[in-house]
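So you can see what is in the structure, the chains are spelled out below.
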Amino acid sequence: MRDHYEDSLSMRDAVAVYFAANKFGPDGGYHDEWLKLKIGPLTFYMPNTKARVAAVRIHDLHHVLTGYQTNWAGEFEISAWELAVGCGRFPAAWWLNLSGMLAGLLTYPRRILAAYRLGRRCRGLYGEAYGPALLNQTVAALRQSTGIAAAEANPSGDRGLLQRIGDALLFLAYIGLGLPIATVSLLASIFVFVPIALYQTRRPPQSSPQPLS
């Protein structure tokens, strides 16, 4: 299941709808000093860096354009889709998406494969500058220019044999890269993030009066 945003909305307005639906706050938390993550009963805080904000702004636009949801299944799907289109100069996006796609293959394999195949026929926005040139476009116009609308209209695909072989080899390469990254992420979660979260749940970090610019 995917979310739908009205074609006539500007991306600016569609993102505002997306923020409201997911309870992300009026600006998606972009100006918060700390990123707050829930790990079951624990709460983990990490600095909301400019590099993280730059990547997540584009990631949120991808959510709107593709309709992938922000639950576990949707985040795993968009991980596969973003790997398929490429994550540009954002190392954190590559790292998180490799782990996310691998986790998705273990839990929602058909949906992950479908998202990856869709992405291989589209263009992502990680190479674009975030600003009015993107935000003032309508959802329909940007879905058209990125190829998402055409790819969804023709689910069987129009890629030749060599392209499909290339897609499969790249997919296998991502799995190979994802295995050690997912292992490191799991070990870090157990031995680093969980102990820190135990401490931060009891003593949350204090925010400074001024948000990040």
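Residues numbered from 1 in each chain as written. Predicted model: local features only at pLDDT ≥ 70, side-chain atom pairs only at ≥ 80, totals over all residues. Heavy atoms only, no water.

Colleague: Got a minute to help me understand the overall build of the protein chain in this structure?
Modeller: Counting its regular elements, the protein chain contains 9 helices and 2 strands. What you see in the protein chain, going N to C, is helices and strands ordered as α-β-β-α-α-α-α-α-α-α-α. Over its C-alpha atoms the protein chain spans a radius of gyration of 18 Å, differing by no more than 12% from the 17 Å that the globule rule assigns to 213 residues. With respect to the principal axes defined by its C-alpha atoms, the protein chain has extents near 55 × 40 × 30 Å. Among the 213 residues that make up the protein chain, the fraction classed as buried is 39%. Of all intrachain contacts in the protein chain linking residues separated by at least 6 positions in sequence, the fraction that spans at least 24 positions is 70%. With an accessible surface of roughly 12,000 Å², the protein chain has 64% of that area assigned to carbon and sulfur atoms. Taking the average place of the 20 positive charges on the side chains of the protein chain and the average place of its 15 negative ones, the gap between the two points comes to 6 Å. (Helix = DSSP H or I, 4+ residues; strand = E, 2+ residues; numbered from the N terminus. Rg over C-alpha atoms; globule rule 2.2 N^0.38 Å. Buried < 20%, exposed > 50% of the residue type's maximum accessible area, 1.4 Å probe, protein only. Contact = heavy atoms within 4.5 Å. Areas by Shrake-Rupley, 256 points an atom, 1.4 Å probe, with all protein chains shown as cover. Lys, Arg positive; Asp, Glu negative; His and termini not counted. Charge placed at Lys NZ, Arg CZ, Asp CG, Glu CD.)

Colleague: Teacher, can you tell me more about the pairing of strand S2 (residues 42-47) here?
Modeller: Within a regular strand, the side chains alternate between the two sheet faces. Pairing geometry for strand S1 (residues 34-39) and S2, over 6 bridges, is antiparallel. Within S2, the position partnered with Ile39 by the bridge is Leu42. What sits between the antiparallel neighbours S1 and S2 is a turn of 2 residues, in which Gly40 has the positive phi angle 60°. (Pairing = 2+ DSSP bridges.)

Colleague: Help me out: how do you make sense of the pattern of salt bridges in this one?
Modeller: Once their charged atoms are close, side chains differing in charge can pair, the charge on each being opposite to the other. Considering all chains together, one arrives at 7 salt bridges under this definition. In the salt-bridge network here, residues are joined through shared partners; they are Arg2, Arg143 and Glu152. (Salt bridge = Lys/Arg side-chain N within 4 Å of Asp/Glu carboxyl O.)

Colleague: Explain a nonpolar patch on the surface here, please?
Modeller: On the surface, Ile39, Leu186, Leu187, Ile190, Phe191, Val192, Phe193 and Ile196 cluster together into a nonpolar patch covering about 710 Å² of accessible area. No other element matches the 7 residues that helix H9 (residues 161-202) contributes to the nonpolar patch. If you trace the backbone, Ile196 turns up in helix H9. The exposure class assigned to Ile196 is partly exposed, which follows from its relative accessible area of 34%. (Patch = residues over 30% accessible without salt bridge, like charges linked within 9 Å, V, L, I, M, F, W, Y side chains within 5 Å.)

Colleague: Please clarify how the environment of Asp158 should be interpreted in this entry.
Modeller: Note that Asp158 resides in the loop between helix H8 (148-153) and H9. Note: C-alpha distance between Asp158 and Arg121 (37 residues apart in sequence) is 8.6 Å. The contact partners of Asp158, leaving out residues within four places of it in the chain, are Arg121 and Gln163.

Colleague: When you look at helix H2 (residues 50-66) in this model, what are you seeing that I'm missing?
Modeller: For an α-helix the count is 3.6 residues per turn, leaving residues at separations of three or four pointing the same way. A rise of 1.5 Å per residue sets the reference length of H2, with its 17 residues, at 24 Å; its end C-alpha atoms lie 25 Å apart and thus fit the reference within 8%. Listed in full, the buried residues belonging to H2 are Val53, Ala55, Val56, Ile58, His59, Asp60, Leu61, His62, His63, Val64, Leu65 and Thr66. In this fold, the buried residues of H2 make contact with helix H1 (11-22), helix H3 (72-85), helix H6 (132-135), helix H7 (139-145) and H8. Once H2 ends, the next one or two residues include Gly67, with phi positive near 85°. (Expected span 1.5 Å × (residues − 1).)

Colleague: Whenever I open this one, the packing of aromatic side chains confuses me. Can you help?
Modeller: We describe a pair of aromatic rings using the distance from one ring centre to the other and the angle between the two ring planes. For the structure on display, the rule yields 9 aromatic pairs. Between the aromatic rings of Trp94 and Tyr174, the centroid separation amounts to 6.3 Å while the plane-to-plane angle is 45°, which identifies the pairing as tilted. With a gap of 80 residues between them, Trp94 in helix H4 (residues 91-107) and Tyr174 in helix H9 connect regions that are remote in the sequence. Classification of Tyr174 as buried rests on a relative accessible area of 9%. Of the aromatic side chains, those joined through ring pairs into one cluster are Tyr18, Phe19, Phe24 and Tyr30. In this arrangement the basic side chain of Arg111 is found over the ring face of Tyr108, its NZ or CZ atom lying 5.3 Å from the centre. (Phe/Tyr/Trp six-rings, centres within 6.5 Å; stacked < 30°, edge-to-face > 60°. Lys NZ or Arg CZ within 6 Å of the ring centre and 35° of its normal.)

Colleague: Before we go on, may I ask you to explain the side chain of Thr43 in this structure?
Modeller: Counting through the fold element by element, Thr43 comes out in strand S2. Among the polar contacts listed, one links the side chain of Thr43 to the side chain of Lys38, at a separation of 3.2 Å. When near neighbours in sequence (up to four residues on either side) are disregarded, Thr43 contacts Lys36, Leu37, Lys38, Ala197, Gln200 and Thr201. (Polar contact = N/O pair within 3.5 Å; in protein donor to acceptor, adjacent residues only side chain to side chain.)

Colleague: So what exactly am I meant to see when it comes to the side chain of Arg143 here?
Modeller: On the secondary structure map, Arg143 appears in helix H7. A relative accessible area of 16% places Arg143 in the buried class. Among residues more than four places away in sequence, those in contact with Arg143 are Leu65, Ile148, Ala149 and Glu152.

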